[in-house]
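Commentary on secondary and tertiary structure
Listed below are the residues making up each chain.
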Amino acid sequence: MHDYNASQPSSESTSPPLSPSTTMTINQSSSPQWTNYDPYATAPPSPTPTSKQNRQTATAKRYKYLRRILFFRQMDFEYAFWQMLYLFISPQKVYRNFHYRKQTKDQWARDDPAFLVLLSLWLVASSVGFTIVLGLHFVAFVKFLLWIIFVDCIGVGLVIATLLWFLSNRYLVAMKQKDQVVEWGYCFDVHLNAFFPLLIILHIFQLFFIHFIINHDGIISQLVSNTLWLLALGYYIYITFLGYSSK
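Heads up: these notes are all about the structure in this document.

**Description of the overall build of the chain**
In terms of regular secondary structure, the chain is built from ten helices and two strands. Along the chain direction, N to C, the helices and strands of the chain fall in the order α-α-β-β-α-α-α-α-α-α-α-α. Counting the 247 residues in the chain, one finds 32% classified as buried. Excluding contacts between residues fewer than 6 apart, the proportion of contacts in the chain whose partners are at least 24 apart in sequence is 67%. Looking at the chain as shown, the accessible area adds up to about 16700 Å², and 66% of this sits on carbon and sulfur atoms.

**What to know about the packing of helix α4 (residues 77-89) against helix α5 (residues 91-105)**
In contact at an axis separation of 6 Å, α4 and α5 are set at 135 degrees when each is read in the N-to-C sense. When the interaxial angle is binned, α4 and α5 end up oblique. Contacts between α4 and α5 involve Y79, W82, Q83, Y86, L87 and I89 from the first element and P91, K93, V94, N97, F98 and R101 from the second. For the contact of α4 with α5, a count of residues per class yields eight nonpolar, two polar and two charged.

**Some thoughts on the pattern of salt bridges**
Using the criterion set out here, one finds one salt bridge in the structure. A salt bridge links D189 to R110, with the nearest nitrogen and oxygen atoms 3.5 Å apart. Highlighted residues: D189 in helix α8 (residues 184-205) and R110 in the loop between α5 and α6 (114-134), separated in sequence by 79 residues.

**As for the nonpolar core**
In this structure, Y95, L119, Y186 and F195 are the most contacted members of the largest nonpolar core, which totals 41 residues. Within the residue set of this core, elements represented by two or more residues are α4, α5, α6, α7 (138-172), α8 and α10 (219-245). When residues in this core are grouped by element, the largest group, 13 residues, is from α8.

**Notes on the environment of I200**
Mapped onto the fold, I200 is located in helix α8. By relative accessible area, which is 16% here, I200 ends up buried. Taking C-alpha positions, I200 is 8.2 Å from W122, a pair spaced 78 residues apart along the chain.

**A closer look at the packing of aromatic side chains**
Tallied over the entire structure, the rule returns eleven aromatic pairs. Ring geometry for F88 against Y235: centres 5.6 Å apart, planes inclined by 65 degrees, an arrangement best described as edge-to-face. Taken together, the residues span a long stretch of sequence, with F88 in helix α4 and Y235 in helix α10 at a distance of 147 residues. Look at F88 and you get partly exposed, because its relative accessible area is 29%. Taken together, the ring pairs in this structure connect F88, W122, F196 and Y235 into an aromatic cluster. A cation over an aromatic ring shows up here: R110 above the ring of F115, its NZ or CZ 3.9 Å from the ring centre.

**A look at α4**
With 13 residues, α4 extends 18 Å from end C-alpha to end C-alpha; this agrees with the ideal 18 Å at 1.5 Å per step. Here α4 has its buried residues at A80, Q83, M84, Y86 and L87. Turning to α4, the residues buried within the fold contact α5, α6, α8 and α10.

Definitions and limits used
- Residues numbered from 1 in each chain as written.
- Predicted model: local features only at pLDDT ≥ 70, side-chain atom pairs only at ≥ 80, totals over all residues.
- Heavy atoms only, no water.
- Helix = DSSP H or I, 4+ residues; strand = E, 2+ residues; numbered from the N terminus.
- Buried < 20%, exposed > 50% of the residue type's maximum accessible area, 1.4 Å probe, protein only.
- Contact = heavy atoms within 4.5 Å.
- Areas by Shrake-Rupley, 256 points an atom, 1.4 Å probe, with all protein chains shown as cover.
- Axes fitted to C-alpha atoms, helices over the stretch in contact; angles between N-to-C directions.
- Parallel < 35°, antiparallel > 145°, perpendicular 65-115°, else oblique.
- Nonpolar A, V, L, I, M, F, W, Y, C, P; charged D, E, K, R; others polar.
- Salt bridge = Lys/Arg side-chain N within 4 Å of Asp/Glu carboxyl O.
- Core = buried A, V, L, I, M, F, W, Y, C linked by side-chain atoms within 4.5 Å.
- Phe/Tyr/Trp six-rings, centres within 6.5 Å; stacked < 30°, edge-to-face > 60°.
- Lys NZ or Arg CZ within 6 Å of the ring centre and 35° of its normal.
- Expected span 1.5 Å × (residues − 1).

Quick look at the structure:
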């Protein structure tokens, strides 16, 4: 006997499947209205690179930074040279890129040692220039180079960076940004940024005036030498100010 109920398709199988992005609301006095529905609205947001749970520790950042020194192909020397150029022309653009790094990598300090490598080459080149101009022997050249690297650049930088790091975290961080910490590595980067124009002015540009003007007595030599020192210190203070005001 033919089963009539079995031959009729069920209402569930014949109803058209609804898209998961929409549902239909039926009103007796109007036509059906479609409203948007997001089935994933209650899903937790995916973590971003700037979330606290993905922040690296200071030890991990330092290890990653020092490890990249051994791999020159991984360094962006073109970008580092661009930074050195714009430290003279427009230092604001250099610190604008520090902002981009903070937004994308949650890190203020440099993660590429290319700038440090190029700065080291400039330190050696300027020391060689002083050796030639002043007629220093090899031992004096080595002493002068070690003094420039470990006292003028690193030693003074450690003191200034540590002092400003303490003052920044203690007094300069805004109340609404108390969860943000001024990294010590960033403070040392600010020192290196400010030190580079000072190095070029006093250790390279000044070499052209030593024998002709500076080594002579008179008000002209004093005016030129003091002007160069004033310009170099002005660059250092201004670039340092930009570094901490940008945070």
